[in-house]
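# Structure at a glance
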2 protein chains.
Amino acid sequence: MSDIEIAQQAQMRPIIDLAGDRLGIPAQHLDPYGHYKAKLSLDYIRSLNDRPDGKLILVTAISPTPAGEGKTTTTVGLGDALNRIGKKAIMCLREPSLGPCFGVKGGAAGGGYAQVVPMEDINLHFTGDFHAIGVAHNLLAAMIDNHITHGNELHIDPRRVQWKRVVDMNDRALRKIVIGMGGPGNGYAREDGFDIVVASEVMAILCLASGIEDLKERLGRIVIGYKADGKTPIYARDLKAHGAMAALLKDAIKPNLVQTLENNLAIIHGGPFANIAHGCNTVMATKTALKLADYVVTEAGFGADLGAEKFIDIKCRMAGLEPAAVVLVATLRALKFHGGVKKEDLNQENLAALETGFANLEKHVRNIQTHYHLPCVVSINHFTFDTEAEIELLRRKCESLGVKVVLAQHWAHGGAGAEDLAHAVADIVDNAPGRHQFVYDGGLSLCEKIEAVATKIYGAGSVSYEGKVREQLNAWNAEYGQFPVCMAKTQMSFSTDATVRGAPTGHNIHIREVRLASGAGFVVAIAGDMMTMPGLPKIPAAEHIDVDGNGRISGLF
Amino acid sequence: MSDIEIAQQAQMRPIIDLAGDRLGIPAQHLDPYGHYKAKLSLDYIRSLNDRPDGKLILVTAISPTPAGEGKTTTTVGLGDALNRIGKKAIMCLREPSLGPCFGVKGGAAGGGYAQVVPMEDINLHFTGDFHAIGVAHNLLAAMIDNHITHGNELHIDPRRVQWKRVVDMNDRALRKIVIGMGGPGNGYAREDGFDIVVASEVMAILCLASGIEDLKERLGRIVIGYKADGKTPIYARDLKAHGAMAALLKDAIKPNLVQTLENNLAIIHGGPFANIAHGCNTVMATKTALKLADYVVTEAGFGADLGAEKFIDIKCRMAGLEPAAVVLVATLRALKFHGGVKKEDLNQENLAALETGFANLEKHVRNIQTHYHLPCVVSINHFTFDTEAEIELLRRKCESLGVKVVLAQHWAHGGAGAEDLAHAVADIVDNAPGRHQFVYDGGLSLCEKIEAVATKIYGAGSVSYEGKVREQLNAWNAEYGQFPVCMAKTQMSFSTDATVRGAPTGHNIHIREVRLASGAGFVVAIAGDMMTMPGLPKIPAAEHIDVDGNGRISGLF
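The rules behind the values
- Residues numbered from 1 in each chain as written.
- Chains lettered and ligands numbered in written order.
- Predicted model: local features only at pLDDT ≥ 70, side-chain atom pairs only at ≥ 80, totals over all residues.
- Heavy atoms only, no water.
- Helix = DSSP H or I, 4+ residues; strand = E, 2+ residues; numbered from the N terminus.
- Rg over C-alpha atoms; globule rule 2.2 N^0.38 Å.
- Buried < 20%, exposed > 50% of the residue type's maximum accessible area, 1.4 Å probe, protein only.
- Contact = heavy atoms within 4.5 Å.
- Areas by Shrake-Rupley, 256 points an atom, 1.4 Å probe, with all protein chains shown as cover.
- Lys, Arg positive; Asp, Glu negative; His and termini not counted.
- Charge placed at Lys NZ, Arg CZ, Asp CG, Glu CD.
- Pairing = 2+ DSSP bridges.
- Axes fitted to C-alpha atoms, helices over the stretch in contact; angles between N-to-C directions.
- Buried area = accessible area lost by both parts, 1.4 Å probe.
- Salt bridge = Lys/Arg side-chain N within 4 Å of Asp/Glu carboxyl O.
- Domains from an automatic or database assignment.
- UniProt positions renumbered as here; feature names shortened; annotations may be inferred.
- Polar contact = N/O pair within 3.5 Å; in protein donor to acceptor, adjacent residues only side chain to side chain.
- Expected span 1.5 Å × (residues − 1).
- Parallel < 35°, antiparallel > 145°, perpendicular 65-115°, else oblique.
- Left-handed = near helix turned anticlockwise from the far one by under 90°.
- Least-squares fit on C-alpha atoms with pLDDT ≥ 70 in both.
- Core = buried A, V, L, I, M, F, W, Y, C linked by side-chain atoms within 4.5 Å.
- Disulfide = S-S within 2.5 Å.
- pLDDT = per-residue confidence, 0-100.

Another aspect to go through is the overall build of chain A. Along chain A, the regular secondary structure elements total 18 helices and 25 strands. In terms of overall dimensions, chain A is globule-like: its C-alpha atoms have a radius of gyration of 23 Å, near the 24 Å expected for 557 residues. Expressed as a percentage of the 557 residues in chain A, the buried residues total 65%. If you take every contact in chain A between residues at least 6 apart in sequence, the share linking residues at least 24 apart comes to 75%. On chain A, roughly 18500 Å² of surface is accessible, and the fraction owed to carbon and sulfur atoms is 49%. Averaging the positions of the 56 positive and the 62 negative side-chain charges in chain A gives two centres separated by 4 Å.

Let us look at the sheet that holds strand E23 (residues 522-526) of chain B. All names here are of chain B. Taken in spatial order, the three strands make up an open sheet running E20-E23-E22, and their pairing is mixed. The open sheet terminates on both sides in strands that have one partner only, identified here as strand E20 (485-488) and strand E22 (513-517). The sheet shows a mean angle of 20° between the axes of neighbouring strands, direction not considered. When E22 meets E23, the two strands line up antiparallel, connected through five bridges. Paired with Leu 516 across the strands is Val 523, a residue of E23. Sheet strands in contact with helix H11 (residues 304-319) are E20 and E23, and its direction is about 170° off that of E20. The strands touched by helix H18 (residues 469-480) are E22 and E23; relative to E22, the strand with the most contacts, the crossing angle is about 20°.

This part is about the interface of chain B and chain A. Residue-level contacts link 73 residues of chain B with 74 residues of chain A. Summed over both sides, the interface of chain B with chain A buries roughly 6100 Å², with 62% coming from carbon and sulfur. Along the contact surface separating chain B from chain A lie eight salt bridges. The residue Asp 171 of chain B makes a salt bridge to Arg 165 of chain A at a minimum N-O spacing of 2.8 Å.

A few words now on the domain arrangement of chain A. Where interface size is quoted, it is often the accessible area lost as the parts come together. All names here are of chain A. For chain A, the assigned domains are domain 1 (3-127 + 252-431), domain 2 (129-248) and domain 3 (446-527). Computed from C-alpha coordinates alone, the two centres of domain 1 and domain 2 are separated by 33 Å. Contacts between the two partners involve 31 residues from domain 1 and, on the opposite side, 21 residues from domain 2. Regarding the contact of domain 1 and domain 2, the summed buried area is about 2000 Å², with carbon and sulfur atoms giving 68% of it. Contact with domain 2 buries area across many residues of domain 1, yet Ala 252, Ile 253 and Phe 273 alone supply 23% of it, more than any other trio.

Residues and elements named next belong to chain A. The UniProt feature table records "binding site: ATP" (unreviewed entry) at Thr 65, Pro 66, Ala 67, Gly 68, Glu 69, Gly 70, Lys 71 and Thr 72. Look past the residues within four positions of Thr 65 in its chain and what remains in contact with it is Ala 334, Phe 337, His 338 and Met 492. Within the structure, the side chain of Thr 65 is placed 3.0 Å from the side chain of Glu 69, a separation counted as a polar contact.

Moving on: helix H17 (residues 446-457) of chain B. Residue and element names in this part refer to chain B. Helix length check: H17, at twelve residues, gives a terminal C-alpha distance of 16 Å against a target of 16 Å (1.5 Å per residue), a fit within 8%. Among the residues making up H17, those that are buried are Leu 446, Cys 447, Lys 449, Ile 450, Ala 452, Val 453, Ala 454 and Ile 457. Phi turns positive one or two residues past the end of H17, at Gly 459, with a value near 70°.

What follows concerns the packing of helix H6 (residues 129-149) of chain B against helix H7 (residues 201-208) of chain B. Residues and elements named next belong to chain B. Between H6 and H7, the least distance of the axes is 9 Å, while the angle of their chain directions is 125°. Taken together, the axes of H6 and H7 are oblique relative to one another. Crossing handedness for the pair H6 and H7: right-handed. Residues Phe 130, Ile 133, Ala 136 and His 137 of H6 lie in contact with H7, whose contacting residues are Val 202, Met 203 and Leu 206.

We now examine the relation of the copies chain B and chain A. If you rotate chain B by 180° and push it 0.0 Å along the axis, it lands on chain A with an RMSD of 0.0 Å. On this basis, the relationship between the two copies can be described by a two-fold rotation axis. Identified as the residue of chain B closest to the rotation axis by C-alpha distance is Tyr 33 of chain B, at 2.2 Å. Same-surface contact between copies: 100% of interface residues of chain B are shared with the interface of chain A.

Attention now moves to the nonpolar core. If you look at the biggest cluster of nonpolar residues, it comprises 416 residues, and the most contacted ones within it are Phe 102, Leu 361 and Ile 511 of chain A together with Phe 102, Leu 361 and Ile 511 of chain B. Dropping the residues within four chain positions of it, Ile 511 of chain A is found in contact with Ile 450, Val 463, Ser 464, Tyr 465, Glu 466, Val 469, Met 487, Ala 525, Ile 526 and Ala 527 of chain A.

All names here are of chain A. If you trace the backbone, His 371 turns up in helix H13 (residues 351-371). Only 3.4 Å separates the side chain of His 371 from the backbone oxygen of Lys 456, close enough to count as a polar contact. Filtering out sequence-adjacent residues up to four positions away, His 371 remains in contact with Arg 366, Gln 437, Phe 438, Val 439, Lys 456 and Ile 457.

With that settled, the discussion passes to the environment of Thr 75 of chain B. Residue and element names in this part refer to chain B. The topology assignment puts Thr 75 in helix H4 (residues 71-84). Residue classification places Thr 75 among the buried residues on the basis of a relative accessible area of 0%. As for Thr 75 and Thr 60, which are separated by 15 residues in sequence, their C-alpha atoms are 9.1 Å apart. The contact partners of Thr 75, leaving out residues within four places of it in the chain, are Val 59, Met 91, Leu 93, Val 297, Thr 298 and Glu 299.

Most peptide bonds adopt trans geometry, and most residues besides glycine take a negative phi value. Residue and element names in this part refer to chain A. Following Val 117, the chain continues to Pro 118 via a peptide bond in cis, the omega torsion being 0°. Looking at the element boundaries, Pro 118 is found in the loop between strand E6 (114-117) and helix H5 (119-123). Here the phi dihedral of Asn 152 falls at roughly 55°; this positive angle occurs in a residue that is not glycine. With respect to the helices and strands, Asn 152 occurs in the loop between helix H6 (129-149) and strand E7 (165-167). On the basis of relative accessibility, which here comes to 15%, the residue Asn 152 falls in the buried class.

Paired through their backbone hydrogen bonds, the strands of a sheet run either parallel or antiparallel. Residues and elements named next belong to chain A. Read across the open sheet, the three strands follow the order E20-E23-E22; overall the sheet is mixed. Either end of the sheet is taken by a strand with one partner, and the two such strands are strand E20 (485-488) and strand E22 (513-517). Ignoring strand direction, the axes of neighbouring strands in this sheet form an average angle of 20°. Alignment of E20 against strand E23 (residues 522-526), held across four bridges, turns out to be parallel. Bridge pairing links Met 487 to Ala 525 in E23. In the packing of helix H11 (residues 304-319) onto the sheet, contacts are made with E20 and E23, and the angle to E20 comes to roughly 160°.

Residues and elements named next belong to chain A. Across the five residues that make up strand E15 (residues 295-299), a large majority, five, are buried. Both faces of E15 are covered, namely the face carrying Tyr 295, Val 297 and Glu 299 and the face carrying Val 296 and Thr 298. Where strand E4 (residues 89-93) meets E15, four bridges bridge the pair, whose relative direction is parallel. Bridge assignment links Cys 92 to a residue of E15, and that residue is Thr 298.

Moving on: the state of the cysteines. For the structure on display, the rule yields zero disulfides over all chains. Of the cysteine sulfurs around Cys 486 of chain A, a residue in no disulfide, the closest is that of Cys 280 of chain A, at 9.3 Å. Judged by relative accessible area, Cys 486 of chain A falls into the buried class, the value being 0%. Considering cysteine sulfurs only, Cys 398 of chain B is the nearest to Cys 376 of chain B, which forms no disulfide, with 8.5 Å between them.

So, on to the confidence of the model for chain A. The predicted coordinates of low-pLDDT regions are not to be read in fine detail. Of all residues in chain A, 99% have pLDDT values of 70 or greater, and the mean over the chain is 96. Per the prediction output, this complex has pTM 0.97; the corresponding ipTM is 0.97.

With that out of the way, let us pick up the pattern of salt bridges. Scanning the entire structure with this criterion turns up 64 salt bridges over all chains. The salt bridge partner of Arg 165 of chain A is Asp 145 of chain A, with a shortest N-O separation of 2.7 Å. Taken together, the positions of Arg 165 of chain A in strand E7 and Asp 145 of chain A in helix H6 put the pair 20 residues apart, joining distant regions of the chain. Classification of Arg 165 of chain A as buried rests on a relative accessible area of 1%. For Asp 145 of chain A, a relative accessible area of 7% translates into the label buried. The partner of Lys 37 of chain B in a salt bridge is Asp 121 of chain B, with the nearest N and O atoms 3.0 Å apart. Residue Lys 37 of chain B is found in the loop between strand E1 (30-32) and strand E2 (38-40), and its partner Asp 121 of chain B is found in helix H5 (residues 119-123); the two are separated by 84 residues along the sequence. What you see here is one network of salt bridges that share partners, running through Asp 31, Lys 250, Asp 251 and Lys 254 of chain A together with Lys 37 and Asp 121 of chain B.

Turning our attention to the pairing of E23 of chain B. Burial analysis of E23 of chain B places five of its five residues in the buried class, the great majority of the element. Side-chain alternation along E23 of chain B places Phe 522, Val 524 and Ile 526 of chain B on one buried face and Val 523 and Ala 525 of chain B on a second face that is also buried.

Here is the structure:
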């Protein structure tokens, strides 16, 4: 059965009842969106302040491959399994972006028997959070050009406007555009472009905000561009846009509650890009979940070099979070891919390639142990064509690293398939939880922070900077030196070359461009070409998506 | 108190309880969106099929003036008043567009003590319908350029793509743009533009669709552009976009239930532009309301020459609706304006100007009586500076037309202020309901239809056509001859010159451009410049909109 068919057969419980029975949340503190989705009220979240926190478990992965590793399914499967073995666990996930559902990627609500439901709603509009983010972003954009048109009292240099527009659609034709054409009534012509909504700084801000006041403050701090000197920033607050933007986000800031196929609760909230942003669900969601459950399972974007690093150095640092353990997701197929095997040969046993490819997993494990200073379990998403010999080899290799490896079959069997993983994780969390370290100290300069991540986490030998990038970073040190850095590079490799598999060392990381996300509170360092507006493939998934007269959707995957 | 302050003091009842108590709707057939908004399930709507229909009352107005007439407040006030005098009444309204809330116009959920609530939600994202429409529209746009990029098998002429993009924001800089710049990876450069979401044909389609199947069929029929011959249309179904578009609209098609300040039920659903589209709430909403109540009060856009004409010739014709009576809203201020008084002098008594300006009201009443063949009540939205002499003059003039005039004070007093109006309307509906006529027969040619509206309703003496427009209309007669025409002209005047007040006659209506809305099922005839993307004023309302730490919004009006 396809994911959507499994999801549509789920026996969902009304979310208000489920939240009441399992978490004791009073109905008036839940804003329902249909019968199976609800938002938690801000009052209720505040009322939890004095409760103790549960334990936070981060699910991350080896460097992703085209085959896919299954981080979200593992997060869901582990959460279901923890509940099965008698632990009170909640999952915290990112909201899927709507645009990619119509391209190649499909949805992002888990898969097989490890899914969150209602799958169609979560993948399409959900509770409207991303629409709200898109409109808030575009309001600021409209106010910028409107200000320029009506006399430009702030002296915004139209050539130096950095705030683009956004749409939640894979639409390559909007990447680079010229706006304001057609004569004086339409304003001043200038270059512009659209990003996909998840790439908006408003998304990153919403995900890091501690509440509405903090949200508004951060929105006001957004740098939309510069005056003609190229140095004097213009802020969103100068345009008086931040109040209305926050008003548009008054509901989007409330965490969303849904359930898994096994009727366990999950919070799905926020979903920033994992390259030019930090790639984690909202701070509000994670903090709320920690008050509501003893175990909170959450995920970070891409591999442990990107997602987990940002989770720790950006999200945990800003929010004061303390993860207790890390689950590193891998597949034998992906490890063989890192060992040099071609995509079409991955289903064949290949012990030599597995051993070579293990280097990728090993480097991630060492990073987690040494640099994040956290205990770790390796979870292998099991495929039917994995051989005994391969599994045995992997087990031995992991033992040599002092890390436990568990086979997980939640995709095929739901929570029951991930009980071993749940026991392994609970054992660490209950008996030997970690205390994380940051990869770099907040007091270092921006360049030193970039270099710390590059050398420690990526195994790089050097960092170089394009043109005036280093100068720009040094200039920012005065005002923004305390910001963490958000590294944007390919997720496919420890290097900046997506084709270099395994665990390269000694390579150079070239920082091509840096961007200030002063509302979010980080500096983005871009190594390589980052795509912030995807395109559709020749035959988009949209061609197969349909709905019948009763509103039942098909073809979404 | 401001509208938002009055709205925030409303004693709202939970919508599920209210709908259960008042209409007997079972809770499982209502999808809640928070505690005070809900969508009606399609199953429930189908289950009403065998019930008899209530009576439909259309609220329209004289030609609008900058002072504003108060059509929405009258619709709400009349509905509240009908309930007060013991009638079972529901109101059907259009959803406000989000963009204009940040400009000059403000919200559109009524005003004073005649409002629908929760006002902030209704004016901002509401239940996400407009966001869904925007994304469905933009999915088709992305699929068009994607198709061209990937080989253009359908031979779409990039110069003849007619499907623009949309955003729910007043953003003049997007009116005319060039897309696809930046090299081969971003596709082929071409001219394009953004309309505001309410101007999308998807909006018109949603508002006219009888259900999901009809919606999908109509979406598939959208003409996105032409081949190089300039004649062979390319449809959305050729791109296989209509299934996914309909899937995105599966919830948007369900009517939204809210309440008035007096806890009476209102359905707010859809909101197409009233110039390039037909300007009425959805057919689904109106038909559902007629099954649920004995009296359904609804509104149409602009004045009775535009909104009411389209209500009858487009909406009633397509949906088989039968209005029983019409309420024509006017103010003494607006009548004096039509009589030539300057905006700043409207609060002064001026009997001569009132008598002159009455010509506008008279022409609308005659149209309603003669051409729509419906009984009519004139409702005067009362202002404190209206004088006794003015009111008396108006009363005499109306009597001479054989039409009842009623003073309504719902803005100040809620339903209690509109009881006279309610009695007058109920008297007609109960004792002498009308049977409408169309302005033109469906079998006439497109040009004949345009000419019928122009001469009968606008009092024009002639119709002329720009360049090849008549040729185009004649060419469309073969395939689309059965379509009604959707006239797009200024709402400020019976003529195409916004400054000509009163009731001009013998003028020429020049059709500058025609557009085929083949999914919606009408041909748009444009006389004058129609703005489908508004701009923001020098000081946008957004600057004053704010939200506090508890999510309470201020500054929205």
